[in-house]
Amino acid sequence: MERRNLLKLAMSAPFVPLTSHAVAASATTADAGFTFAFMGDCHIAPERGADRGCAMCFEQISASQVDFVIQGGDHIEDAMEVGRERATMLMDLYQRTERQHLRKPVHHVLGNHDCLGVFAKSGIDPSARDHGKQFYVDRFGPRYYAFDHKGVHFVVLDSMGITPDRNYEGRVDAEQLEWLRADLAAQPSGTRIVVVTHIPLVTAMQCYEPEAWLDTPHNWTFVTNGREVLRILREHNVLAVLQAHSHVYERIELNGIAFITTGAVAGADWRGSFLGTPEGYTEITISGRVVTSRYRTYGFSSVDREDVAI
């Protein structure tokens, strides 16, 4: 059932060069703009050089001119199906690596692999205090929140829906939807807004994802109630929605909003490129109402390479 186990079944994929895109609305503002790094799916572990790869990526970001970093979720590999000892070791490894190598302010996003004991095979009782999302909250803080930077309002969502059968799906819960409505309504008219979610709201992934991924008990590919979220966003000046989870760099323009999915720091879980996207992260620049995205690689080479092709 786990995606990382399915990656081994694929053939090699071509390297993807750096790409850049931009979207502009009709109105502009006098704004010098700023750039930040959006990374996701670090899937850190002591195996396959993952900790070394994360350090390389973090050092490259630290040496760049970005104002801050958004970590889009799936910090570790993983907490869903392993015992507490392994999950704790992995989270300690991630936080130690971030402290040592990422010298920028960081905003964190909850990913599915950051939730403790979701699958029954973990052996963790769902009644445990740190079960599920609490494991993440204890380390990084609230599962959804907002922050502001140079006139742009960022909204970070929790897109992880834990299901009664000890599995998961992409979902933004009702409590969050009410919070989102209130938070956006409180912003001054015309405020530029960027939304961040781990599991995508809008993606073309289902058109080309590995066929084996379709055999899941729930929708792991995108937020199942994404329409509800989009109906809230359409009433506001939303420039972009930043997404992770799929390990593929992808950009879709819909109704004036740029839906930007970053490739994974881990690539194909530290075995090479995934569906043509190598290990990397996305630099995003906002100037006025113009959102530019550029995918950056950082020079990691897998010791056990198995590129995953479409």
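Relevant structure appears above.
Residues numbered from 1 in each chain as written. Predicted model: local features only at pLDDT ≥ 70, side-chain atom pairs only at ≥ 80, totals over all residues. Heavy atoms only, no water.

Turning to the overall build of the chain, a few remarks are in order. Tallying secondary structure elements over the chain gives 6 helices and 14 strands in all. For the chain, whose C-alpha radius of gyration is 18 Å, the value lies close to the compact-globule estimate of 19 Å for 310 residues. In the chain, which comprises 310 residues, the proportion classed as buried is 59%. Within the chain, contacts between residues at least 6 apart in sequence are counted, and of these 76% link residues at least 24 apart. (Helix = DSSP H or I, 4+ residues; strand = E, 2+ residues; numbered from the N terminus. Rg over C-alpha atoms; globule rule 2.2 N^0.38 Å. Buried < 20%, exposed > 50% of the residue type's maximum accessible area, 1.4 Å probe, protein only. Contact = heavy atoms within 4.5 Å.)

Attention now goes to the pattern of salt bridges. All told, the structure shown has 18 salt bridges when counted by the stated rule. Note that Glu-178 is salt-bridged to Arg-181, the shortest N-O span being 2.5 Å. Taken together, the residues span about one helical turn, with Glu-178 and Arg-181 both in helix α5 (residues 174–185) at a distance of 3 residues. A salt bridge links Arg-296 to Glu-283; the nearest nitrogen and oxygen atoms lie 3.4 Å apart. Of this pair, Arg-296 sits in strand β14 (residues 290–297) while Glu-283 sits in strand β13 (residues 280–287), and the two are 13 residues apart along the sequence. By relative accessible area, which is 15% here, Glu-283 ends up buried. The structure contains a network of salt bridges with shared partners spanning Lys-133, Arg-143, Asp-158, Asp-173 and Glu-175. (Salt bridge = Lys/Arg side-chain N within 4 Å of Asp/Glu carboxyl O.)

Our focus in this paragraph is the nonpolar core. With 60 residues, the main nonpolar core has Met-39, Ile-61 and Leu-233 as its most contacted residues. Beyond its immediate chain neighbours, meaning those up to four positions away, Leu-233 contacts Leu-180, Leu-184, Val-195, Leu-201, Val-238 and Val-241. Core analysis: the next-biggest nonpolar cluster, separate from the first, contains 23 residues, Phe-34, Phe-68, Ile-70 and Val-152 among them. (Core = buried A, V, L, I, M, F, W, Y, C linked by side-chain atoms within 4.5 Å.)

Our focus in this paragraph is the side chain of His-245. Summarising the element assignment, His-245 is placed in the loop between β10 (238–243) and β11 (250–254). Look at His-245 and you get buried, because its relative accessible area is 5%. From its side chain, His-245 meets the backbone oxygen of Trp-220 in a polar contact 2.6 Å long. (Polar contact = N/O pair within 3.5 Å; in protein donor to acceptor, adjacent residues only side chain to side chain.)

Below, the discussion takes up the pairing of β10. Among the 6 residues of β10, 6 are classified as buried, and the element is accordingly described as predominantly covered. With 5 bridges connecting them, strand β9 (residues 192–197) and β10 associate as parallel partners. Along β10, the bridge assignment pairs Val-194 with Ala-240. Chirality of the crossover, the property in question, places the unit of β9, helix α6 (residues 226–233) and β10 among those that are right-handed. Relative to strand β12 (residues 257–261), β10 is paired through 4 bridges, and the arrangement is parallel. For Ala-240, the partnering residue across the bridge sits in β12 and is Ala-258. (Pairing = 2+ DSSP bridges. Right-handed = clockwise from strand over helix to strand, strands pointing away.)

In this section: the environment of Phe-36. Along the chain, Phe-36 falls in strand β2 (residues 34–39). For Phe-36, a relative accessible area of 0% corresponds to the buried category. Sequence-wise, Phe-36 and Arg-296 are 260 residues apart; in three dimensions their C-alpha atoms are separated by 12 Å. Filtering out sequence-adjacent residues up to four positions away, Phe-36 remains in contact with Val-66, Asp-67, Phe-68, Ile-70, Phe-154, Leu-242, Thr-282, Glu-283, Ile-284 and Ile-286.

Attention shifts here to the packing of aromatic side chains. Summed over the entire model, instances satisfying the criterion amount to 17 aromatic pairs. Seen from their ring centres, Phe-147 and Phe-154 are 4.8 Å apart, and the 0° between their planes marks the pair as stacked. Here Phe-147 and Phe-154 have matching classes, each one buried. Measuring from ring centre to ring centre gives 4.9 Å for Tyr-168 and Trp-220, while their planes differ by 10°; the resulting arrangement is stacked. Taken together, the residues span a long stretch of sequence, with Tyr-168 in strand β8 (residues 167–170) and Trp-220 in the loop between β9 and α6 at a distance of 52 residues. Accessibility classification places Tyr-168 together with Trp-220 in one group, the buried group. In this structure an aromatic cluster arises from ring pairing among Phe-34, Phe-36, Phe-68, Tyr-145, Phe-147 and Phe-154. (Phe/Tyr/Trp six-rings, centres within 6.5 Å; stacked < 30°, edge-to-face > 60°.)

This paragraph deals with the environment of Gln-206. Looking at the secondary structure, you find Gln-206 in the loop between β9 and α6. Given the relative accessible area of 40%, Gln-206 is considered partly exposed. A sequence separation of 109 residues divides Gln-206 from Thr-97, and the C-alpha atoms of the two residues are 33 Å apart. The contacts of Gln-206, once residues within four sequence positions are left out, are Thr-221 and Phe-222.

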